[in-house]
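One letter stands for each residue in the lines below.
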Amino acid sequence: MKIAVLPGDGIGTEIVAEAVKVLQALDLKFEMETALVGGAAYEAHGHPLPESTLKLAKEADAVLFGAVGDWKYDKLDRPLRPEQAILGLRKHLGLFANFRPAICYEQLVGASSLKPELIAGLDILIIRELTGDIYFGQPRGRRIATDGHFPGSEEAFDTMRYSRPEIERIAHVAFQAARKRKAAGSEGRVTSVDKNNVLETSQLWKDVMVEIGLQYTDIALDHMLVDNAAMQLVKAPKKFDVLVTGNMFGDILSDEASMLTGSIGMLPSASMNANNQGLFEPSHGSAPDIAGKGIANPLATILSAAMMLRFSLNQGAAADRIEAAVKSVLEQGLRTADIYSAGTTRVSTLEMGDAVVKALK
Ligand code: NAI
Ligand code: MG
């Protein structure tokens, strides 16, 4: 089993170091190879996604990714910015299905900005299509407008685009995930989120969801407009089971959902392609505001490593062990700054990683 380890910049290097430590504490045979990505790769090679890093990622069974980005690179041309590395990896590896479980750990119920009764026991799954939509749609650009409200003035445009096969494959992913969750006791329902009252792409999205849904008669399907979904996520988040949506709506809704659970520092993610190869990363970014201080929460990355074991490396038992160890450190009252509350014990990034390793044993 070969794992490509791409820490990136900002807190990326700090949190990935802890996840690697946890992986090494399992008695499994991995080959782990580290490479530069994002701003770190730009500094060394003049490009955020060097050919050698991409090659390593393609050859590996799975990629463990930290985070990329820093305000100091904002002046660079877009293709050279660190964030292009993660977009490039998604595109080159065909990582079209992004899984973001939003789980509220019992010990962190008080850390959420929502009332405890709304989020206690929360366990929902957001599935975001990751390689289509307005983030990749062509044409895009800037030009002088020849029509519209202000002809003759500068304008910019992007293209929201989805093809039928792109929607079909993410629909299958969502229904199959709902089926797995149903077997484990969930309701077995997919909520498809779109904006079909306004957008053509959304109308096709909804039509295809309905068609594919006919193949999964054991799973319920409902539809929700994205603006309503944004409200329902804070009003009654537990009413969702699996939420599936496009790239841009999913970007926003999954960040919103992350806040229900207390801290974005707790949320792992998996991005999968059709060959079960995946990239696993925390849902948060490189947090330049706290980078280098040793206070970042490494649990999202450690939980991403658990998803990696389960999704791409066929090591479900080892994934269970990591998740149990994370629960155990929370039960012990250990907290990084982002999840700290009175009466708990504040620990550093490194101490949190060490505690998870200790709990594994
Ligand atoms: P962010 O997720 O990096 O940070 C948002 C807030 O959450 C900050 O206050 C940060 O300190 C805090 N935070 C994030 N992760 C944390 C952790 N593990 N422990 C404790 N606190 C944590 O998002 P932001 O600030 O919008 O973006 C910062 C940079 O990251 C930008 O350059 C952005 O483009 C990039 N980014 C990269 C992503 C990726 O690598 N996949 C995803 C999102 C943003
Ligand atoms: Mg985001």
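None of the values given here were measured: they were computed from a predicted structure.

Trainee: Describe the overall build of the protein, and please don't skip the residues or the numbers.
Mentor: Scanning the protein from terminus to terminus reveals twelve helices and 14 strands. Against the globule reference of 21 Å for 361 residues, the protein gives a C-alpha radius of gyration of 20 Å, in line with a compact fold. Principal-axis analysis of the C-alpha atoms places the extent of the protein at approximately 65 × 50 × 40 Å. For the protein, the residues scored as buried account for 48% of the 361 residues in total. Put simply, 74% of the contacts in the protein that link residues at least 6 apart link residues at least 24 apart.

Trainee: Describe the site of ligand 1, naming the residues involved and giving the relevant values.
Mentor: Neighbouring ligand 1 are 22 residues; Gly69, Gly265, His284, Gly285 and Asn297 lie closest to it. Broken down by class, the residue content of the shell around ligand 1 amounts to eleven nonpolar, six polar and five charged.

Trainee: Account for the pairing of strand β4 (residues 97-103), with residues named and values stated.
Mentor: Counting buried positions along β4 yields six of seven residues, so the element is predominantly enclosed. Here β4 pairs with strand β5 (residues 123-129) via seven bridges, running antiparallel. Its bridge partner lying in β5, Ala97 is registered against Glu129. Bridge count for β4 against strand β11 (residues 268-272) is three bridges, and the pairing is antiparallel. Residue pairing across strands places Ala97 opposite Met272, the latter belonging to β11.

Trainee: Can you lay out the sheet that holds β4 for me, pointing to particular residues and giving the numbers?
Mentor: Taken in spatial order, the ten strands make up an open sheet running β2-β1-β3-β12-β11-β4-β5-β10-β8-β9, and their pairing is mixed. The outermost strands of the open sheet, each flanked by one partner alone, are β2 (31-34) and β9 (220-225). Taken over all neighbouring pairs, the strand axes of this sheet differ in orientation by 20° on average, direction set aside. Where β11 and strand β12 (residues 278-282) come together, five bridges link them in antiparallel fashion. What sits directly across from Ser269, in β12, is Glu281. Where helix α6 (residues 164-183) meets the sheet, it contacts β4, β5, β8 (189-194) and β10 (242-245), and its direction lies at approximately 165° from that of β5. Each of β8 and β9 is contacted by helix α7 (residues 200-213), which is oriented at about 165° to β8, the strand it contacts most.

Trainee: Lay out the UniProt feature "site: Important for catalysis" (unreviewed entry) in the protein in plain terms, naming residues and giving numbers.
Mentor: Look at the UniProt record and you will see "site: Important for catalysis" (unreviewed entry) annotated at Tyr135 and Lys195. Structurally, Tyr135 is set in the loop between β5 and β6 (141-144). Residue Tyr135 is classed as partly exposed on the basis of its 18 C-beta neighbours within 10 Å. Among residues more than four places away in sequence, those in contact with Tyr135 are Asn247 and Met248.

Trainee: Kindly report on the confidence of the model for the protein, identifying the contributing residues and their values.
Mentor: Looking at the protein as a whole, its pLDDT mean stands at 95, while 100% of the residues score no less than 70. Across the whole predicted complex the pTM is 0.92, and at the interface the ipTM reaches 0.96.

Trainee: Can you explain the UniProt feature "binding site: Mg(2+)" (unreviewed entry) in the protein? Please cite residues and give values.
Mentor: Per the UniProt record, the feature "binding site: Mg(2+)" (unreviewed entry) sits at Asp227, Asp251 and Asp255. Spanning 29 residues, the named residues nonetheless gather at one spot, since no C-alpha pair among them exceeds 14.5 Å. Along the chain, Asp227 falls in helix α8 (residues 226-235). Tracing the sequence through the fold places Asp251 in helix α9 (residues 247-260). You can call Asp251 partly exposed: it has 16 C-beta atoms within 10 Å.

Procedures and definitions
Residues numbered from 1 in each chain as written. Chains lettered and ligands numbered in written order. Predicted model: local features only at pLDDT ≥ 70, side-chain atom pairs only at ≥ 80, totals over all residues. Helix = DSSP H or I, 4+ residues; strand = E, 2+ residues; numbered from the N terminus. Rg over C-alpha atoms; globule rule 2.2 N^0.38 Å. Buried ≥ 20, exposed ≤ 12 C-beta atoms within 10 Å, placed from the backbone. Contact = placed C-beta atoms within 7 Å. Near = placed C-beta within 6 Å. Nonpolar A, V, L, I, M, F, W, Y, C, P; charged D, E, K, R; others polar. Pairing = 2+ DSSP bridges. Axes fitted to C-alpha atoms, helices over the stretch in contact; angles between N-to-C directions. UniProt positions renumbered as here; feature names shortened; annotations may be inferred. pLDDT = per-residue confidence, 0-100.

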